Amino acid sequence: MIKAKTPKLTSKDLELKKLAENLYREMFGKDLNLDNVKFNSRISRKLGYVKGIKYYKTQHFEIMELGISDKLIDDMDRLIKVIKHELIHVYCIREYGEHGHGYYFKKLSMKFKIHYVNNYTGRLMFTCS
């Protein structure tokens, strides 16, 4: 496996990492075990992301980074909702090998109330933006 460099995190990033670790433990009863949790000022089209590496020989997916846009998030409630959304992705990848907004993601999003109703269609929405 590739060993990632230890990321250089700002004090703001360290606060975000601590918040993410606490939320993950609260939500799933497990440790997050992810060093690279940070704000990313370069992303402007989505609120957050989970980045990883897939090893094709073993089909193992290793999560390398969880990023949150600091340009698009303007209050604490929205920040927590976005972090929880990305943590559900982390959990689904680790526990079920599920990427994207599949069955387990939607089930956990309903459990933790990380979804919204589209006012035009009335459908439940689970997207990252």
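Residues numbered from 1 in each chain as written. Predicted model: local features only at pLDDT ≥ 70, side-chain atom pairs only at ≥ 80, totals over all residues. Heavy atoms only, no water.

1. Regarding a nonpolar patch on the surface
Basically, it comes down to this: Two distance rules govern patches: like charges are joined within 9 Å, and nonpolar side chains (Val, Leu, Ile, Met, Phe, Trp, Tyr) within 5 Å, applied only to residues with over 30% relative accessible area and no salt bridge. In this description, accessible areas are obtained by the Shrake-Rupley approach with a 1.4 Å probe, and a residue is regarded as covered only by the protein chains that are shown. Each reported salt bridge corresponds to a side-chain nitrogen of Lys or Arg within 4 Å of a carboxyl oxygen of Asp or Glu. Secondary structure elements follow DSSP: runs of H or I no shorter than four residues count as helices, runs of E no shorter than two count as strands, and numbering proceeds from the N terminus.
On the surface, Y96, Y103 and Y104 cluster together into a nonpolar patch covering about 330 Å² of accessible area. Looking at the secondary structure, you find Y104 in helix α3 (residues 103-111).

2. A look at the sheet that holds strand β1 (residues 37-40)
To be explicit about the condition: Only strands that DSSP links by at least two bridges are regarded as paired with each other. Only the stretch in contact is used when fitting a helix axis, every axis being a line fitted to C-alpha atoms; angles between N-to-C directions are given from 0 to 180 degrees. Only heavy atoms enter the contact rule, under which two residues are in contact if any of them lie within 4.5 Å.
Sheet architecture is open: three strands sit in the order β1-β3-β2, paired in mixed fashion. Looking at which strands have only one partner, the edges of the open sheet turn out to be β1 and β2 (48-55). Taking the axes of each pair of neighbouring strands and ignoring which way they run, one obtains an average angle of 30 degrees across the sheet. Lying on the sheet, helix α1 (residues 11-28) is in contact with β1 and β3 (60-69); it crosses β1 at an angle near 130 degrees. Set on the sheet, helix α2 (residues 76-96) makes contact with β1, β2 and β3; between it and β3 the angle comes to about 175 degrees.

3. Notes on the packing of α2 against α3
Put simply, the rule reads: Should an angle fall under 35 degrees it is taken as roughly parallel, and over 145 as roughly antiparallel, whereas 65 to 115 is taken as roughly perpendicular and any remaining angle as oblique. Crossings are sorted by hand: turned counterclockwise from the far helix by less than a right angle, the near helix makes the crossing left-handed, and turned clockwise it makes it right-handed. Charged residues are taken to be Asp, Glu, Lys and Arg, nonpolar residues to be Ala, Val, Leu, Ile, Met, Phe, Trp, Tyr, Cys and Pro, and polar residues to be all remaining types, Gly included.
Between α2 and α3, the least distance of the axes is 10 Å, while the angle of their chain directions is 135 degrees. With respect to each other, α2 and α3 are oriented oblique. Handedness of the α2/α3 crossing: right-handed. When α2 is examined against α3, the residues H85, I88, H89, Y91, C92 and Y96 are found in contact with a partner set consisting of Y104, F105, L108 and S109. Considering only residue class, the contact of α2 with α3 consists of seven nonpolar, three polar and no charged.

4. Points about α2
Definition in use: A helix is expected to span 1.5 Å multiplied by its residue count minus one. In the analysis that follows, any N or O atom pair within 3.5 Å is treated as a polar contact, provided that within protein one partner can donate a hydrogen and the other can accept it, and provided that, for residues neighboring in sequence, both atoms belong to side chains.
Between its first and last C-alpha, α2 extends 29 Å over 21 residues, near the 30 Å set by a 1.5 Å rise per residue. For α2, the side-chain oxygen to backbone nitrogen distance between the N-cap and D77 is 3.3 Å, and the N-cap itself is D75. Following α2 by one or two positions, G97 has its phi on the positive side, about 70 degrees.

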